[in-house]
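What follows is each chain in one-letter form.
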Amino acid sequence: MSPAPTPSHTVGPFFGYALPFTGGADVAPPHHPDTLTLRGRVLDGDGQPVPDAIVETWQPAPDGSRTGAPGSMRRDAVTGRVVGRHGADFTGFGRVATDADGHWLVRTLPPGGVPYVCVAVFARGLLHHLYTRAYLVDDPDDALLAALPPRRRATLLARPEPGTPRVHRFDVRLQGAGETVFLEFP
Amino acid sequence: MTALPPDLTQSAIDTEIAKAQAAAHAGDHPPRDFPPYRGSALRHPTHPLIPVRDPEAVELTGPAFGVTDVTDLDRDLTRHHAGEPLGERITVTGRVLDRRGRPVRGQLVEIWQANASGRYAHQRDQHPAPLDPNFTGFGRCLTDDEGRYSFTTIRPGAYPWRNHTNAWRPAHIHFSLFGEAFTQRLVTQMYFPGDPLLPLDPILQSVTDPAARDRLVAAYDHGLSVPEWSLGYRWDIVLDGPAATWAENEEDDR
Ligand SMILES: [Fe+2]
């Protein structure tokens, strides 16, 4: 007999001294030539910025490995402070709070074997987090993209910004016009 | 600060809660659209979620954490400053299982909470209750081989919020958990047994199934209390969601 799941709750407004950590946005090693920036805003049903959201990303390493690696929140043994990743292992995990303008940003490396980065969004007002995907490439063979009508499919495409091909834009619209496609994993 | 509508009383919210609960489908998780929780109005999607059944989905794997991510002190929130925090010292412990009942091993558990007066160490919390210079209210630990976690902290206070007139959150501890897959991610809140605010809280009541709500309330466990030191609470957690390591021929028995 399976145990019944523990219900989800909102992350609330006051996670800011707890969940974000130093280097949470720096999934790529410093100065890595393949670094790409994934950035965007979280917007509500009125198109207003959501300043109290937290965005997490998860992805394979560039070689396609999906095991991740410990050390995203690596600690200084003397002070206990988070000093960030050492850069030799690719942890695959990013976490960043939105700013007052609803903006977030992670610097990462291209995921190996898939065209997307997994995204989870938590926010005050959101009783259960939401999953989506930031597709860095509009892959015609991708089953999820292929199953969506064009206007919805477009919400999953993290397009390079004009003139900056290594900066991909991925806005998350929680509700309303251009509402992002959100996923469930039954 | 904008004034709340004068008729937005607790009893008006109670009526809304009863109506929303009657209309909701029973489920383990709250509906994202729960009108009595005003903050949800503009922050829930209106399109149905798209189910992903691809066994190769990256979300069926997840990030790893280890001894470099956590220090031994992190689990004791009463030892993060030079002095002892004010309040009732408690230990909170339990097991983390996946929905097949297997222990979730070596995974990260994070908690955060208000201090004993009901105030968060966050500049946007303007509740005129005292900050405690000896309490920040954030802890981390890794689950052990049986899936156990354990924290020492102080019992948080209830605090007011502006969902409606005279709205108070019951005392709670925020929890964030990782399983072996990103699909098993859980952020939730743990409550204390016997709290008279539980039936009044639109956030707890957003879980529309009473049995599911009960799973968010810890049990006082006298065996966990440490003589002349702390009171013990037990709270077990079950993560929802599938994982890649579940063999394909094993039918999900939910
Ligand atoms: Fe809270």
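In case you missed it, the structure is sitting above this.
The structure displayed is predicted, hence computed values, not measured ones.

Explain the packing of aromatic side chains to me, please; I cannot follow it from the model alone.
One pair of aromatic rings is described through two measures. These are the centre distance and the angle between the planes. All chains considered together, the criterion is met by 16 aromatic pairs over all chains. Both rings, one in B:Phe192 and one in B:Tyr233, keep their centres 5.1 Å apart while their planes meet at 85 degrees; by these two values the pair is edge-to-face. Of this pair, B:Phe192 sits in the loop between β9 (186-191) and α2 (210-214) while B:Tyr233 is found in strand β11 (residues 231-234), placing the two residues 41 residues apart along the sequence. An aromatic cluster of three or more residues is present, and its members are A:Phe21, A:Phe93, B:Phe65 and B:Phe178. Over the face of the ring belonging to A:Tyr116 we find A:Arg133, whose NZ or CZ atom lies 3.8 Å from the ring centre. Lying across the ring of B:Trp229, B:Arg89 places its NZ or CZ 3.4 Å from the centre.

Explain the coordination of the iron ion here, please?
Residue and element names in this part refer to chain B. Protein-derived coordination of the iron ion comes from Tyr120 (OH), Tyr159 (OH), His172 (NE2) and His174 (NE2), at a distance range of 1.9 to 2.2 Å. Coordination at the iron ion is irregular, judged from the four donor atoms that bind it and the angles of 91 to 158 degrees they form at the metal. Each donor residue of the iron ion lies on one chain, and together they are spaced Y-x38-Y-x12-H-x1-H. Placement of the pair is Tyr120 in the loop between β3 (108-113) and β4 (138-142) and His174 in strand β8 (residues 172-177), with a sequence separation of 54 residues. His174 shares its class with Tyr120; the two are buried.

Where do I start with the nonpolar core in this structure?
A general tendency of soluble globular proteins is for nonpolar side chains to be buried together. Core analysis: the largest hydrophobic core is formed by 40 residues, its most contacted members being B:Tyr149, B:Phe175 and B:Ile237. For this core, the secondary-structure elements that each account for two or more residues are α1 (10-23), β2 (89-98), β3, β5 (148-154), β8, β9 and β12 (237-239) of chain B.

Whenever I open this one, the pattern of salt bridges confuses me. Can you help?
Opposite charge on two side chains permits them to pair, given that their charged atoms come into close proximity. In the structure shown here, the tally under the stated rule is 25 salt bridges over all chains. Between A:Asp26 and A:Arg107 there is a salt bridge; the shortest N-O distance is 2.4 Å. Of this pair, A:Asp26 sits in the segment before β1 (36-43) while A:Arg107 sits in strand β4 (residues 103-108); the two residues are 81 residues apart in sequence, bridging distant segments of the chain. A:Asp26 gets classed as partly exposed once you look at its relative accessible area, which sits at 32%. The structure contains a network of salt bridges with shared partners spanning A:Glu56, A:Arg95, B:Glu110, B:Arg140 and B:Arg185.

Teacher, can you tell me more about the layout of surface pockets here?
Empty space left among the atoms is revealed by rolling a probe the size of a water molecule over them. Size it by volume and the largest pocket reaches roughly 1,000 Å³. In terms of lining, the largest pocket is formed by 34 residues, of which the most central are A:Arg124, B:Arg124, B:Trp161, B:Arg162 and B:Asn163. Contributions of two or more residues to the lining of the largest pocket are made by β6 (159-161) and β7 (167-169) of chain B. In the lining of the largest pocket, the residues fall into 15 nonpolar, eleven polar and eight charged. In this structure, the second largest pocket spans a volume of roughly 840 Å³.

How do you make sense of the pairing of strand β2 (residues 53-58) of chain A when you look at a structure like this?
Note on strand geometry: in a regular strand, side chains alternate between the two faces of the sheet. All names here are of chain A. Within β2, six of the six residues are buried, which leaves the element mostly enclosed by the surrounding structure. Of the two faces of β2, the one holding Ala53, Val55 and Thr57 and the one holding Ile54, Glu56 and Trp58 are both buried throughout. Pairing between β2 and strand β5 (residues 116-123): six bridges, direction antiparallel. The residue bridging Trp58 from the neighbouring strand is Cys118, located in β5. Where β2 meets strand β3 (residues 93-97), five bridges bridge the pair, whose relative direction is antiparallel. Note on β3: the bridge partner recorded for Ile54 is Ala97.

Can you walk me through the sheet that holds β4(B) in this structure?
Working definition: the strands of a sheet are paired by backbone hydrogen bonds and lie parallel or antiparallel to each other. Residue and element names in this part refer to chain B. The four strands are arranged β4-β3-β8-β9 in an open sheet whose pairing can be described as antiparallel. Edge positions in the open sheet fall to β4 and β9, since each of these has one partner strand only. Looking at each pair of strands side by side, their axes are set apart by 20 degrees on average, direction ignored. Across six bridges, the pairing between β8 and β9 is antiparallel. Opposite His174, over in β9, you have Gln189 as the bridge partner.

When you look at the environment of B:Phe135 in this model, what are you seeing that I'm missing?
Turning to its location among the elements, B:Phe135 is positioned in the loop between β3 and β4. Setting aside chain neighbours within four positions, we find B:Phe135 in contact with B:Leu77, B:His81, B:Pro85, B:Gln113, B:Ala114, B:Asn115, B:Thr153 and B:Ile154.

What is the right way to read the interface of chain B and chain A from this model?
Where interface size is quoted, it is often the accessible area lost as the parts come together. Facing 80 residues of chain B, the contacting portion of chain A comprises 71 residues. Summed over both partners, the interface of chain B with chain A comes to about 6,700 Å²; 60% of that surface belongs to carbon and sulfur atoms. The tally of links between chain B and chain A comes to six salt bridges. A salt bridge links B:Glu110 to A:Arg95; the shortest N-O distance between them is 2.8 Å. Mapped onto the side of chain B that touches chain A, the elements with two or more residues apiece are β1 (50-51), β3, β4, β8, β9 and β12 of chain B.

Criteria and thresholds
Residues numbered from 1 in each chain as written. Chains lettered and ligands numbered in written order. Predicted model: local features only at pLDDT ≥ 70, side-chain atom pairs only at ≥ 80, totals over all residues. Heavy atoms only, no water. Phe/Tyr/Trp six-rings, centres within 6.5 Å; stacked < 30°, edge-to-face > 60°. Helix = DSSP H or I, 4+ residues; strand = E, 2+ residues; numbered from the N terminus. Lys NZ or Arg CZ within 6 Å of the ring centre and 35° of its normal. Donors = N, O, S within 2.8 Å, 3.2 Å for Na, K, Ca; no water. Tetrahedral: all angles 85-135°; square planar, octahedral: opposite > 155°, others 65-115°. Buried < 20%, exposed > 50% of the residue type's maximum accessible area, 1.4 Å probe, protein only. Core = buried A, V, L, I, M, F, W, Y, C linked by side-chain atoms within 4.5 Å. Salt bridge = Lys/Arg side-chain N within 4 Å of Asp/Glu carboxyl O. 1 Å grid on protein atoms, 1.4 Å probe; cavity = no way out; pocket = protein on both sides within 12 Å on 5 of 7 lines; lining within 4 Å. Points joined across faces, edges and corners; volume = space filled by probe spheres on them. Nonpolar A, V, L, I, M, F, W, Y, C, P; charged D, E, K, R; others polar. Pairing = 2+ DSSP bridges. Axes fitted to C-alpha atoms, helices over the stretch in contact; angles between N-to-C directions. Contact = heavy atoms within 4.5 Å. Buried area = accessible area lost by both parts, 1.4 Å probe.

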